[in-house]
Every structure is written in structure tokens, then in C-alpha cells.
Amino acid sequence: MELQWNWEYLTEVMEKLIETPSPVSYYEEINPLMEKLAAELGYEVTYDRKHTVYIKVPGKNREKTVCVGAHLDTLGLMVKRIDEDGMIRVRNLGGINFNNIEGETVTVHTRSGKTYTGLVACQSHSVHVYDDAKTLERNENTMMVILDEDVHSKEEVKALGIENGDILSLEPHFTVTPSGFIKSRFIDNKACAACSLALLKVMKEQNLTPVCDTWFVFPHYEEIGHGGAYVPDEVSEYLALDIAVIGPDHNGREDRVSICVKDNFSPYDRELTDRLVRKAEALQLNYAADVFYRYGTDGSAAVRAGHNLKAGAFGMGTFASHGIERTHMDGVKNTAKLLAAYVLED
Ligand SMILES: [Zn+2]
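Residues numbered from 1 in each chain as written. Predicted model: local features only at pLDDT ≥ 70, side-chain atom pairs only at ≥ 80, totals over all residues. Heavy atoms only, no water.

Right, let's talk about the overall build of the protein chain for a bit. Looking only at helices and strands, the protein chain features eight helices and 18 strands. Computed over C-alpha atoms, the radius of gyration of the protein chain comes to 21 Å, within 12% of the 20 Å expected from 2.2 N^0.38 for 346 residues, which places it in the range of a compact globule. Reported as C-alpha extents along the three principal axes, the dimensions of the protein chain are approximately 65 × 40 × 40 Å. Evaluated residue by residue, the protein chain yields a buried proportion of 58% over its 346 residues. Long-range pairs, those at least 24 residues apart, make up 76% of the contacts in the protein chain between residues at least 6 apart in sequence. Counting every atom, the protein chain has about 15,400 Å² of accessible surface; 47% of that belongs to carbon and sulfur. Counting 36 positive and 53 negative side-chain charges, the protein chain places the centres of these two groups 4 Å from one another. (Helix = DSSP H or I, 4+ residues; strand = E, 2+ residues; numbered from the N terminus. Rg over C-alpha atoms; globule rule 2.2 N^0.38 Å. Buried < 20%, exposed > 50% of the residue type's maximum accessible area, 1.4 Å probe, protein only. Contact = heavy atoms within 4.5 Å. Areas by Shrake-Rupley, 256 points an atom, 1.4 Å probe, with all protein chains shown as cover. Lys, Arg positive; Asp, Glu negative; His and termini not counted. Charge placed at Lys NZ, Arg CZ, Asp CG, Glu CD.)

Structure below.
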């Protein structure tokens, strides 16, 4: 059956997800959004104790259950200290490249639900003042956040309700160019979450049933390595949808879907990977098979945690991952189409 994709819906949902902050562990804004998006499509959401979102769709074969995971968490920061002069010092949540966030606007999310914006700066923040403004290494010990508030001391910052352990989210800068490129932070992994939602929409509208029970899951701890560490026992396959990286060792491109054969931890299951490659071939998708180095997914997190399951992974080629990233709508579409083939075809 010809699938009636709504690519505008996919793009809109991607933007909504990207514009909703969800640094590692901060689920309280994005989970209600997921409930709303699921309800609009006619699905219900359930959770496990790690606040992972589940949309469970019954299949033709009720004896087999597979998970399609697309993590919702993103890189972010956490307040580690407030300096006497009111500057905020931070710890990273996930693999932040501090060079990449200098000059970025951040939002502090306090425990009481207040938000304040600020600017990420190096402590040697101006070439007019510091000899080492260009050369000082940017890391968590040299970078800080100056709040966009009239505060000049630790006491004044604390009086705003800001405390150690508060979450900071980064401005994403979501843009779609006329040529089809998507430029934004957090394409990792909200482009993949949007592919899952776009497929759920197609399935509902065309009344399509998955091959087997299929749980679309959206974890919150991938960026620090344990998003897939808990998987319910009945799950026999974990397909991780996650961005694919691009570089000299890789055949992936922004307009392709990359099937990950091996990551930094383990090769993915050969039978499942073969199946994905055959489906990509049969559909004549623009795809690549690649081996990733400084990279892992919730699929390998599930295997590492000792679950008795097959893992597989694929996603759209993404340039400058963990920075302001870029992919192309063609890569997103190829990813969604391969996902549909996995879920709906034997
Ligand atoms: Zn990711």
C-alpha cells in the first residue's frame, strides 16, 4: 500500500519538539507535549518509572514485541556553582562542546518553575580586556553564564530562586532553508522522534497494523548513556532511531539514511541489520551502511545493560553533531520510510 506521508506535519512536529527544552533529566515540559501530540493522533501515552514515553501499538502477531526508540533528551547544562560576582558556573549534561556554545543564549529552569535567560561566555570574554581571550581553552572550568538580570552578587542570584542543580537549556535556532536543509541544535534526536510521530499519523489515518506489537518509546537519558538501559522483558528487538554522523570514515550524507553496523560498544545484530539493509535496497532508498566510533545509541545501551534482545540502529546523516547541526529533509524522509518498512512489512 502506498503510504500517504504528511511531510509538513513531520517538519512542524520536529520544530515543536526542538523548541521545547528537554536537557537530560528535564522531562516536565516535553512529556506533556508528547501526550498532546499523541492524543491529537488518537494514541495514548504510558510511562515507566524513568519517565520514558511509550506509545504501544498492537500488531498482527501478538507474540512478538519490538521497541522503536527515539530519545527526547538533549545536551544541556546544570548549575554547579554561583560565583561571588553572580556568574553561574556549570557542568555539562551530555557531550557538550564548549567552543560551540560561546555566545549562546541559555534559559535557567529553577526548581520552583521560574525561568531566566543568560549568555554563555568565556571568563576571558573580551579581546579588549584579556590577553588570552582567543586562546584560553573553552571548558567547564573557563566558561560561565551571565544572567540577563540586574544581579552582581551570589546573594542576588540566589534571591531569584536559582540554586546549584538547576537545569539550563540552550537556544536551538531551528531553521529550514528553501533548499530543504534543517539547521538547528537538537536535530539529535528530535528529527527521529518526529519520524516516529509521522509514521504513527500515517498508520492511524490509513488504518495500518504493524507486523508485531510495536512500542514507540521516547527515553530521557540517552545523552549520558542509560536511556535504553531499562527495557521491559517482553521486548525482543530494540530499534534505535538516532542521528547518524558524517565524516571521512563514513558513507553517510545529510540526504541519506545511515544504517549503523557497529558503534563504539558493539556491532549491531547481524540478522536485524541485514533485514534493514534489504529493506533499504528494496525501497531504493538513498542509504549508507556505516561504522561509528565516538557514538552509541539506546540500542547498544539496552544490550550493555544485559537485555536479551536484538539491537539495530539507523538515522539521518547529520553534520556537526552536538553543535548547531544540519541535516536535509531527504535524509529525514529516507529515515521515516525505512522505519515504516521495518514496522509495517515482514
Ligand atoms: Zn542522539
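A few words now on the nonpolar core. Counting residues in each nonpolar core, the largest one holds 61 residues, and the members touching the most others are Leu17, Ile55, Leu197 and Phe216. Residue contributions to this core peak at twelve residues, all from helix α5 (residues 187–205). Aside from chain neighbours lying at most four places away, what touches Ile55 is Ala38, Tyr43, Glu44, Val45, Leu197, Leu200, Thr214, Trp215, Phe216 and Phe218. (Core = buried A, V, L, I, M, F, W, Y, C linked by side-chain atoms within 4.5 Å.)

To continue, consider the coordination of the zinc ion. Distances from the zinc ion to its protein donors, His71 (NE2), Asp188 (OD), Asp242 (OD) and Asp242 (OD), fall at 1.9 to 2.7 Å. Positions of the donor residues of the zinc ion along the chain correspond to the pattern H-x116-D-x53-D. On the criterion of sequence distance, the pair formed by His71 in the loop between β3 (61–69) and β4 (76–82) and Asp242 in the loop between β13 (235–241) and β14 (244–245) is long-range, its members being 171 residues apart. Overall, His71 belongs to the buried group, its relative accessible area being 1%. (Donors = N, O, S within 2.8 Å, 3.2 Å for Na, K, Ca; no water.)

For Lys201, the position within the fold is in helix α5. With residues near it in sequence (within four places) discarded, Lys201 still touches Asn6, Tyr9 and Leu41.

Relative orientation of the contacting elements α5 and helix α8 (residues 329–344) amounts to 55°, with a least axis distance of 9 Å. Here α5 is positioned oblique relative to α8, judged by the angle of their axes. Seen from above, α5 lies across α8 with right-handed handedness. Where α5 abuts α8, its residues Cys195, Ser196, Leu199 and Met203 lie against Val332, Thr335, Ala336, Leu339, Ala340, Val343 and Leu344. Class assignment of the residues belonging to the contact of α5 with α8 gives a composition of nine nonpolar, two polar and no charged. (Axes fitted to C-alpha atoms, helices over the stretch in contact; angles between N-to-C directions. Parallel < 35°, antiparallel > 145°, perpendicular 65-115°, else oblique. Left-handed = near helix turned anticlockwise from the far one by under 90°. Nonpolar A, V, L, I, M, F, W, Y, C, P; charged D, E, K, R; others polar.)

What follows deals with the domain arrangement of the protein chain. Assigned domains within the protein chain: domain 1 (7–74 + 186–344) and domain 2 (76–170). Computed over C-alpha atoms only, the centres of domain 1 and domain 2 are separated by 32 Å. The partner domain 2 presents eleven residues to the 13 residues of domain 1 that form the contact. Across the interface of domain 1 and domain 2, roughly 860 Å² is buried in total on both sides, 64% from carbon and sulfur atoms. Counting every contact that joins domain 1 to domain 2 gives two residue pairs in polar contact (both at pLDDT 80 or more). (Domains from an automatic or database assignment. Buried area = accessible area lost by both parts, 1.4 Å probe. Polar contact = N/O pair within 3.5 Å; in protein donor to acceptor, adjacent residues only side chain to side chain.)

Okay, the sheet that holds strand β18 (residues 325–328) next. To summarise the sheet geometry, strands pair through backbone hydrogen bonds and adopt either a parallel or an antiparallel arrangement. With antiparallel pairing, the three strands of this open sheet are ordered in space as β10-β11-β18. The strands lining the two open edges of the sheet, one partner per strand, are β10 (175–176) and β18. Packed on one face of the sheet, α5 meets β11 (181–184) and β18 and runs near 30° to β18. Against the sheet, α8 engages β11 and β18, with an angle of about 70° to β18. (Pairing = 2+ DSSP bridges.)

Here β11 shows one buried face, formed by Ile182 and Ser184, and one open face, formed by Phe181 and Lys183. Bridge analysis of β10 against β11 gives two bridges, and the strand direction is antiparallel. What sits directly across from Val176, in β11, is Ile182. Inspection of the sheet shows β11 paired to β18 by four bridges, in the antiparallel sense. When the bridges of β18 are listed, Lys183 appears paired with Arg326.

So, on to the pattern of salt bridges. A complete count under the given rule lists 16 salt bridges for this structure. Glu40 serves as the salt-bridge partner of Lys36, at 3.2 Å between the closest nitrogen and oxygen. Of the two residues, Lys36 and Glu40 both sit in helix α2 (residues 30–41), four residues apart, roughly one turn of that helix. Under the relative-accessibility criterion, Lys36 is labelled partly exposed at 45%. Note that Lys64 and Glu237 form a salt bridge whose closest N and O atoms lie 3.1 Å from each other. One end of the pair, Lys64, is in strand β3; the other, Glu237, is in strand β13, with 173 residues separating them in the sequence. (Salt bridge = Lys/Arg side-chain N within 4 Å of Asp/Glu carboxyl O.)

Turning to its location among the elements, Val13 is positioned in helix α1 (residues 7–19). As a C-alpha pair, Val13 and Leu197 span 184 residues in sequence and 8.0 Å in three-dimensional space.

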